[in-house]
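Descriptive analysis of the structure
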Amino acid sequence: HMLPCFGSADADALHRASDLWAQAWVLIGEAAQRTRGHRMVQEIQQTETLRQISRELVTTFDVAELADVLARELPEIGVERCYLALYENPRRPPERARLILAYDERGRIALEAEDRVFPSRQLVPTGLLSRHISDGPYSLVGEPLYFQKEQIGFVLFGIGPRDGAIYEVLSRQISSSLKGALLFNETRRAQAAAEKADRLKTRL
């Protein structure tokens with residue numbers, strides 16, 4: 001397309017142009033190779049961070065500690081905001097949910113009493129996003145939290161990594177860890193109730 005611009009008689013200009021195009025070809029190839037290398041390094045780092053998150057979640061049997069792990073580790077893979085909520089009544093998920101984690105690019109959001117319980121259909125308590133909105137637009141991806149057929153809650157991730165599989169892996173790991181933490185809490189409550197009953201029988 002550019003050959004007519006040089007004219008058939010100007011052999012020197014044509015030679016210089018051909019030389020420049022060859023150099024541009026090499027530069028573009030090198031830039032593409034560096035980009036691929038950078039992307040591979042990012043993917044390796046993301047994979048290692050996901051493994052680290054999984055290791056920490058597997059050994060967590062407390063809901064508050066689980067929220068601390070996510071708030072600390074998710075920004076490391078580029079997830080700059082996250083909202084995690086559990087259903088108040090898993091048998092009636094659409095009714096109410098309890099927010100247990102909220103953070104954005106400025107850090108962890110302190111949850112007030114009025115922010116914690118809200119209608120599940122809102123996904124996030126009214127006013128929370130507007131109070132902590134960033135300077136520009138952003139997108140969220142929602143994932144359900146469940147164990148087998150039991151619905152536990154849901155999580156909203158701010159879109160960081162463009163690989164959708166990352167959010168699916170995270171939601172499955174969070175679901176399993178939450179179920180373990182909830183079962184552990186139920187066991188502790190049952191044990192405390194049994195000990196209280198034993199003490200009462202002893203007094204009687």
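Anyway, here's the lowdown on the structure attached to this text.

1. Digging into the overall build of the protein chain
- Helix and strand counts for the protein chain stand at six helices and six strands.
- Of the regular secondary structure in the protein chain, the N- to C-terminal order runs α-α-α-β-β-β-α-β-α-β-β-α.
- Here the protein chain has a C-alpha radius of gyration of 27 Å; the compact-globule value for 204 residues is 17 Å, and the former is much larger.
- By principal-axis analysis of the C-alpha atoms, the protein chain measures approximately 115 × 35 × 30 Å.
- Per-residue burial for the protein chain yields a buried fraction of 31% across its 204 residues.
- Expressed as a percentage of contacts within the protein chain between residues at least 6 apart in sequence, the contacts between residues at least 24 apart total 55%.
- If you sum the accessible surface of the protein chain, you get close to 13600 Å²; carbon and sulfur atoms cover 55% of it.
- For the protein chain, the separation between the mean place of its 27 positive charges and that of its 28 negative charges on side chains is 10 Å.

2. With respect to the nonpolar core
- Formed by 28 residues in total, the largest nonpolar core has its most connected members in Leu74, Leu84, Phe157, Ile174 and Leu178.
- Contributions of two or more residues to this core are made by helix 2 (11-58), helix 3 (63-73), strand 1 (82-87), strand 2 (96-104), strand 6 (150-158) and helix 6 (164-203).
- Sequence-distant contacts of leucine 84, defined by excluding residues within four places in its chain, comprise Leu70, Arg98, Leu99, Ile100, Leu101, Leu145, Phe154, Val155, Ile174 and Leu178.
- In terms of nonpolar packing, the next biggest core, distinct from the first, is built from 13 residues, Tyr83, Phe118, Leu128 and Leu156 among them.

3. Focus: the packing of aromatic side chains
- Enumeration over the complete set of coordinates arrives at two aromatic pairs.
- For the ring pair tyrosine 87 and phenylalanine 154, a centre distance of 5.8 Å and an interplane angle of 55° mean the geometry is tilted. Of this pair, tyrosine 87 sits in strand 1 while phenylalanine 154 sits in strand 6, and the two are 67 residues apart along the sequence.
- On the basis of relative accessible area, tyrosine 87 is assigned to the buried category, the value being 16%.
- On the basis of relative accessible area, phenylalanine 154 is assigned to the buried category, the value being 8%.
- Measuring from ring centre to ring centre gives 5.6 Å for phenylalanine 157 and tyrosine 167, while their planes differ by 40°; the resulting arrangement is tilted. Highlighted residues: phenylalanine 157 in strand 6 and tyrosine 167 in helix 6, separated in sequence by ten residues. One exposure class covers both phenylalanine 157 and tyrosine 167, and it is buried.

4. A short note on the pairing of strand 1
- In terms of burial, strand 1 is a largely internal element, six of the six residues being buried.
- Along strand 1, one buried face is formed by Cys82, Leu84 and Leu86 and the opposite face, lined by Tyr83, Ala85 and Tyr87, is buried too.
- Relative to strand 6, strand 1 is paired through five bridges, and the arrangement is antiparallel. The residue of strand 6 that forms the bridge with leucine 86 is glycine 153.

5. Side note on the pattern of salt bridges
- Counting across every chain of the model gives eight salt bridges.
- For glutamate 56, the salt bridge identified is with arginine 72, shortest N-O distance 2.6 Å. Of this pair, glutamate 56 sits in helix 2 while arginine 72 is found in helix 3, placing the two residues 16 residues apart along the sequence.
- In this structure, aspartate 104 and arginine 106 form a salt bridge, with 3.8 Å as the shortest nitrogen-oxygen distance.
- Its relative accessible area of 5% is what places aspartate 104 among the buried residues.

6. A short note on helix 2
- The end-to-end C-alpha separation of helix 2 is 70 Å, in line with the 70 Å expected for 48 residues at 1.5 Å each.
- Turning to helix 2, its buried residues are Ala13, Ala17, Thr49, Leu50, Ile53, Glu56 and Leu57.

7. Quick notes on unusual backbone geometry
- One non-glycine residue, leucine 123, lies in the positive phi region at around 70°.
- One can find leucine 123 in the loop between strand 4 (117-119) and helix 5 (128-131).
- Take leucine 123: its relative accessible area is 39%, and that puts it in the partly exposed class.
- Phi angles above zero are rare outside glycine, and glutamine 148 is one such case at about 55°.
- The exposed category is assigned to glutamine 148, whose relative accessible area is 68%.

Conventions adopted
- Residues numbered from 1 in each chain as written.
- Predicted model: local features only at pLDDT ≥ 70, side-chain atom pairs only at ≥ 80, totals over all residues.
- Heavy atoms only, no water.
- Helix = DSSP H or I, 4+ residues; strand = E, 2+ residues; numbered from the N terminus.
- Rg over C-alpha atoms; globule rule 2.2 N^0.38 Å.
- Buried < 20%, exposed > 50% of the residue type's maximum accessible area, 1.4 Å probe, protein only.
- Contact = heavy atoms within 4.5 Å.
- Areas by Shrake-Rupley, 256 points an atom, 1.4 Å probe, with all protein chains shown as cover.
- Lys, Arg positive; Asp, Glu negative; His and termini not counted.
- Charge placed at Lys NZ, Arg CZ, Asp CG, Glu CD.
- Core = buried A, V, L, I, M, F, W, Y, C linked by side-chain atoms within 4.5 Å.
- Phe/Tyr/Trp six-rings, centres within 6.5 Å; stacked < 30°, edge-to-face > 60°.
- Pairing = 2+ DSSP bridges.
- Salt bridge = Lys/Arg side-chain N within 4 Å of Asp/Glu carboxyl O.
- Expected span 1.5 Å × (residues − 1).

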